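Chains, contacts and geometry: an overview
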Amino acid sequence: MPKMKTNRGAAKRFKRTGTGKFVYAKSHANHILSKKSRKRKRNLRKSHLVDKTNVKCLRLIMPN
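These remarks concern the structure in this document.

What counts, and at which threshold
- Residues numbered from 1 in each chain as written.
- Predicted model: local features only at pLDDT ≥ 70, side-chain atom pairs only at ≥ 80, totals over all residues.
- Heavy atoms only, no water.
- Helix = DSSP H or I, 4+ residues; strand = E, 2+ residues; numbered from the N terminus.
- Rg over C-alpha atoms; globule rule 2.2 N^0.38 Å.
- Buried < 20%, exposed > 50% of the residue type's maximum accessible area, 1.4 Å probe, protein only.
- Contact = heavy atoms within 4.5 Å.
- Areas by Shrake-Rupley, 256 points an atom, 1.4 Å probe, with all protein chains shown as cover.
- Patch = residues over 30% accessible without salt bridge, like charges linked within 9 Å, V, L, I, M, F, W, Y side chains within 5 Å.
- Salt bridge = Lys/Arg side-chain N within 4 Å of Asp/Glu carboxyl O.
- Lys, Arg positive; Asp, Glu negative; His and termini not counted.
- Charge placed at Lys NZ, Arg CZ, Asp CG, Glu CD.
- Pairing = 2+ DSSP bridges.
- Axes fitted to C-alpha atoms, helices over the stretch in contact; angles between N-to-C directions.
- Polar contact = N/O pair within 3.5 Å; in protein donor to acceptor, adjacent residues only side chain to side chain.

The secondary structure content of the protein chain amounts to three helices and three strands. Across the protein chain, helices and strands are ordered from the amino to the carboxyl terminus as α-β-β-α-β-α. For 64 residues, the compact-globule estimate of 2.2 N^0.38 gives 11 Å, and the C-alpha radius of gyration of the protein chain, at 15 Å, exceeds that figure by more than 25%. In the protein chain, buried positions account for 16% of the 64 residues. Counting contacts in the protein chain only where the partners sit at least 6 residues apart, residues at least 24 apart contribute 62% of the total. By element, 54% of the accessible surface of the protein chain is carried by carbon and sulfur atoms, the whole surface being about 5,900 Å².

So, in structure tokens, the structure goes:
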């Protein structure tokens with residue numbers, strides 16, 4: 001049986017924590033920042049956990 005391949009697009013967007021959860025960076029924090037509030041931009045800097053409903057799919061496309 002061949003090796004399972006990692007989805008490279010997902011590998012660039014998600015990282016696995018030590019406990020096996022997945023974290024990702026929020027989008028919309030790159031440009032046109034003048035119209036976004038200070039609070040909104042501050043919250044976009046933080047990393048966020050993937051919801052448990054999507055973890056099963058991520059485990060399949062990121063086996064390693």
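All right, on to a positive patch on the surface then. A grouping of Arg38, Lys39, Arg42, Arg45 and Lys46 is seen on the molecular surface, where their side chains present a positively charged patch. Within the element layout of this structure, arginine 42 appears in helix 2 (residues 38-45). On the accessibility criterion, arginine 42 (40% relative accessible area) is partly exposed.

This part is about the sheet that holds strand 1 (residues 14-16). As summarised here, the arrangement of the three strands in space is 1-2-3, forming an open sheet in which the pairing is antiparallel. Edge positions in the open sheet fall to strand 1 and strand 3 (47-49), since each of these has one partner strand only. Strand-to-strand twist across the sheet, computed as the mean angle between neighbouring axes with direction ignored, equals 35°.

Quick look at the environment of lysine 21 now. Inspection of the secondary structure puts lysine 21 in the loop between strand 1 and strand 2 (22-25). When its relative accessible area of 47% is taken as the criterion, lysine 21 is described as partly exposed.

All right, on to the side chain of threonine 6 then. By the element assignment, threonine 6 lies in the segment before helix 1 (8-13). Among the polar contacts made by the side chain of threonine 6, one reaches the side chain of asparagine 64 at a distance of 3.2 Å. Setting aside anything within four residues of it in sequence, one finds threonine 6 in contact with Ala11, Ile61, Met62, Pro63 and Asn64.

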